[in-house]
Amino acid sequence: MPLSVALRWWYSLKRHTLMAKKIIDLKGSILSFTVLKLYNDNIDETKQALADKIAKAADFFIGIPIVLEPQVELKNPTYLALLIEYLRQLQMIPIGIRSEDPAIQEQAEFAGLALFPKETSKKKMPKEIEDKPVQAAAPQPVEEGLASAMRVARAVRSGQQIYAKNRDLIIMGSVNPGSEVIADGNVFVFGKVMGKVIAGSSGAEDARIYAKQLNPELVCIAGVYLLAEDIDDVYKQSFVEISLNNDKLVFNNKILD
Amino acid sequence: MSKVIVVTSGKGGVGKTTTSASISTGLAQKGNKVCVIDFDVGLRNLDLIMGCERRVVYDFVNVVQGEASLKQALIKDKRVPNLFILAASQTRDKDALTQEGVEKVIEDLKADGFDYIVCDSPAGIEKGAQLALYFADEAIIVTNPEVSSVRDSDRILGILQAKSRRAEQGEEPIIEHLVLTRYNPGRVDSGEMMAADDVIELLSVKLLGVVPESEDVLNASNSGEPVIMDEESKAAQAYKDIVDRFLGEEKEHRFLTAEKKSLLKKLFGK
């Protein structure tokens, strides 16, 4: 999953930077960009269409970052370069491209643009989770008030991935090896954890993980992670709470005592 | 009411075809009309284990593609009445099967009065395996007591719960059964093999039966006779128990603990 991969990636970067004196901080962040969808690979027609659009509100487009998303095959190899040039003339800042087409990706690399993944994660994940009520609640246009926890009433099996966006996640069964459970909020597992658990996946540092029994492949809160071998065996016997304190994961197996 | 049973595992070489052959034979021996279908197109094995490889004229792919009728392709077993085999094609690949084609074959078999339609799944989680499980009412998960096999079974259970017709149409979920094959209690005791309880706990599926590791299985395969027909064999007894439990009989699980070898047996090997 790109999200967890990204999290691990930025945390490993972050760990390296922390070892030295702190000069920079790399943080994961969700930003929104303007996407320019291209339905035509004729540069003159594209330029004309852009000019028409901008004529309506010139100020609005100055200095905005733009992500290109070609919807057609770009047969003209100079198209992308010319388009980027033109966008810069219009004082827009083309920063990246979103396409699965290897030819386009190659052109983008030449043009110095970043590659963005397709928007697959949002659509794919609710399909994997067969819980009907969960699916219904998945699209949340306005995040106001109480978003109740996502509840999965079974074991999460190898290869499955559950993502609770903007809310807590409750797993009634076990989290089997080779599976991943991810939440932007807290994660509660009433079975055994043998896969990966990620809480606070959008950066919430107060997120916590609770598990009846923990023997995970990885635990991660807000990008700070530990692998199985780094977790003390005493925390693998009974109910445990994991929280994040000063960029360190803290295990507590006494909270029920 | 016809029932479609898929025998699946994820991992290859764990005993799916052996289990399919023995369970379908066992069900037919109990008087049911049974058809066993080999979904492993391109790597057909079921006909060998059932001992009918020389009688395959038309196969499953021919029927799916409309090149032969179901009647022409069904091979009647010579030993057990009411048992029919639908062999896979050795020369085609898995793309030769289509969902509509498979559906038609299964519907035709149901209309023909078959009590059980046993689908012997290919290994893997690709199209062939997904087609084999798509129409299932019950699933028999074949697992060896070994970590990678259990992991793959877990994966296939997830697919059963998400990508079968029952799941897609929001019907009652597929009934899952676990068959643990190649079980060797001696090696479990010495820590070389996973214990049955650990496998059951991880997969959270009800145990249908344990088949002990046995040379008879290989011998039976080589002689083209489902191992369940080898009355002497422990594997046969295990499969008979499995069939009985599948049909609703309560039977205590056997072959879970190591046999105590007497001194003489130890001395003379067996």
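Residues numbered from 1 in each chain as written. Chains lettered and ligands numbered in written order. Predicted model: local features only at pLDDT ≥ 70, side-chain atom pairs only at ≥ 80, totals over all residues. Heavy atoms only, no water.

In the nomenclature of an unreviewed UniProt entry, chain B corresponds to Septum site-determining protein MinD from the organism Thiomicrorhabdus heinhorstiae. Checking UniProt for chain B, the heading Function (unreviewed entry) contains the comment "ATPase required for the correct placement of the division site. Cell division inhibitors MinC and MinD act in concert to form an inhibitor capable of blocking formation of the polar Z ring septums. Rapidly oscillates between the poles of the cell to destabilize FtsZ filaments that have formed before they mature into polar Z rings." (UniProt positions renumbered as here; feature names shortened; annotations may be inferred.)

J.: Explain the sheet that holds strand E4 (residues 83–86) of chain B to me, please; I cannot follow it from the model alone.
T.: Strand pairing within a sheet occurs via backbone hydrogen bonds; the two strands may be parallel or antiparallel. Residues and elements named next belong to chain B. If you trace the eight strands from one edge of the open sheet to the other, you get E3-E4-E2-E5-E1-E6-E7-E8, paired in mixed fashion. Pairing within the sheet leaves two strands with one partner each, and these edge strands are strand E3 (75–76) and strand E8 (206–212). When strand E2 (residues 34–38) meets E4, the two strands line up parallel, connected through four bridges. Paired with isoleucine 37 across the bridge in E4 is leucine 86. Running over the sheet, helix H1 (residues 16–29) touches strand E1 (3–8), E2, E4, strand E5 (116–120), strand E6 (138–143) and strand E7 (175–183) and is turned about 170 degrees from E5. Sitting on the sheet, helix H12 (residues 234–246) touches E1, E5, E6, E7 and E8, and the angle it makes with E8 is about 165 degrees. (Pairing = 2+ DSSP bridges. Helix = DSSP H or I, 4+ residues; strand = E, 2+ residues; numbered from the N terminus. Contact = heavy atoms within 4.5 Å. Axes fitted to C-alpha atoms, helices over the stretch in contact; angles between N-to-C directions.)

J.: Would you explain the packing of helix H6 (residues 127–134) of chain B against helix H7 (residues 147–163) of chain B in this entry?
T.: When two helices pack together, their arrangement is given by the angle between the helix axes and the distance between those axes. All names here are of chain B. One way to put it is that H6 packs onto H7 with a least axis distance of 10 Å and a crossing angle of 55 degrees. Between H6 and H7, the interaxial angle falls into the category oblique. Read as a crossing pair, H6 and H7 show a hand that is right-handed. For the pair H6 and H7, contact is made by Gln130, Leu133 and Tyr134 and by Ile156, Ile159, Leu160 and Lys163, respectively. Residues of the contact of H6 with H7, tallied by class, amount to five nonpolar, one polar and one charged. (Parallel < 35°, antiparallel > 145°, perpendicular 65-115°, else oblique. Left-handed = near helix turned anticlockwise from the far one by under 90°. Nonpolar A, V, L, I, M, F, W, Y, C, P; charged D, E, K, R; others polar.)

J.: Help me understand a nonpolar patch on the surface in this model?
T.: Where nonpolar side chains cluster on the molecular surface, the patch consists of A:Ile23, A:Ile24 and A:Leu26 and spans about 310 Å² of accessible area. Tracing the chain through its elements places A:Leu26 in the loop between helix H1 (2–19) and strand E1 (34–38). (Patch = residues over 30% accessible without salt bridge, like charges linked within 9 Å, V, L, I, M, F, W, Y side chains within 5 Å. Areas by Shrake-Rupley, 256 points an atom, 1.4 Å probe, with all protein chains shown as cover. Salt bridge = Lys/Arg side-chain N within 4 Å of Asp/Glu carboxyl O.)

J.: Would you explain the sheet that holds strand E13 (residues 224–227) of chain A in this entry?
T.: All names here are of chain A. Read from one edge of the open sheet, five strands run E6-E8-E10-E12-E13, paired in mixed fashion. Since the sheet does not close on itself, it has two edges, and those belong to strand E6 (161–164) and E13, each with one partner. Neighbour to neighbour, the strand axes of the sheet diverge by 5 degrees on average, direction disregarded. With four bridges joining them, E6 and strand E8 (residues 180–183) adopt parallel strand pairing. Looking at the pairing, alanine 164 lines up with alanine 183 of E8.

J.: What's the story with the interface of chain A and chain B in this structure? I'm lost.
T.: The extent of an interface is frequently quoted as the accessible surface area lost upon association of the parts. Each partner contributes to the interface: chain A provides 13 residues, whereas chain B provides 12 residues. Surface buried jointly by chain A and chain B totals about 1,100 Å² across both partners, of which 41% is contributed by carbon and sulfur atoms. Applying the counting criterion to the chain A and chain B interface returns three salt bridges. Among the ionic pairs, B:Glu201 bridges to A:Lys192, the shortest N-O distance being 3.6 Å. At the boundary of chain A and chain B, one finds five residue pairs in polar contact (both at pLDDT 80 or more). A per-class count over the side of chain A that touches chain B returns three nonpolar, five polar and five charged. (Buried area = accessible area lost by both parts, 1.4 Å probe. Polar contact = N/O pair within 3.5 Å; in protein donor to acceptor, adjacent residues only side chain to side chain.)

J.: Just to check I follow, could you spell out unusual backbone geometry for this structure?
T.: The phi angle of most residues is negative, glycine excepted, and most peptide bonds adopt the trans form. All names here are of chain B. For asparagine 82, which is not a glycine, the phi torsion comes out positive at approximately 70 degrees. Position of asparagine 82 among the secondary structure elements: in the loop between E3 and E4. Phi is positive for phenylalanine 255, which is not a glycine, with a value near 65 degrees. Overall, the relative accessible area of 16% leaves phenylalanine 255 in the buried class. (Buried < 20%, exposed > 50% of the residue type's maximum accessible area, 1.4 Å probe, protein only.)

J.: Where do I start with the packing of helix H2 (residues 43–56) of chain A against helix H4 (residues 79–89) of chain A in this structure?
T.: Residues and elements named next belong to chain A. Between H2 and H4, whose axes approach to 10 Å, the crossing angle comes to 25 degrees. Relative to H4, H2 is oriented roughly parallel. For the crossing formed where H2 meets H4, the hand is right-handed. Each of Ile43, Thr46, Lys47, Leu50 and Ala51 in H2 lies in contact with H4, whose residues at this interface are Tyr79, Leu82, Leu83, Tyr86 and Leu87.

J.: I'm lost on the pairing of E5(B) in this one. Help?
T.: Each regular strand carries side chains that alternate between the two faces of the sheet. All names here are of chain B. Across the five residues of E5, five count as buried, placing the element largely inside the fold. Burial of the side chains of E5 extends over both faces: Tyr116, Val118 and Asp120 are buried on one face and Ile117 and Cys119 on the other. In the sheet, E2 pairs with E5 via five bridges, with the strands oriented parallel. Counterpart to aspartate 38 in the pairing with E5 is aspartate 120.

J.: Just checking my understanding: could you explain the side chain of B:Asp40 for this structure?
T.: Residue and element names in this part refer to chain B. Inspection of the secondary structure puts aspartate 40 in the loop between E2 and helix H2 (46–49). Aspartate 40 sits in the buried class, given a relative accessible area of 14%. Residues in contact with aspartate 40, not counting those within four places in the same chain, are Ala88, Lys94, Asp120 and Pro122.

J.: Any chance you could explain the side chain of B:Asp47 here in plain terms?
T.: Within the fold, B:Asp47 resides in helix H2. For B:Asp47, a relative accessible area of 2% puts it in the buried group.

J.: Where do I start with the pattern of salt bridges in this structure?
T.: Proximity of charged atoms lets side chains of opposite charge pair with each other. Residues and elements named next belong to chain B. Following the criterion strictly, the structure yields 22 salt bridges over all chains and no others. The partner of aspartate 244 in a salt bridge is lysine 30, with the nearest N and O atoms 2.7 Å apart. A residue pair is termed long-range when its members are at least 10 positions apart, and aspartate 244 in helix H12 and lysine 30 in the loop between H1 and E2 qualify at 214 residues. Through salt bridges that share partners, Lys30, Asp241, Asp244, Arg245, Lys251 and Arg254 make up one connected network.

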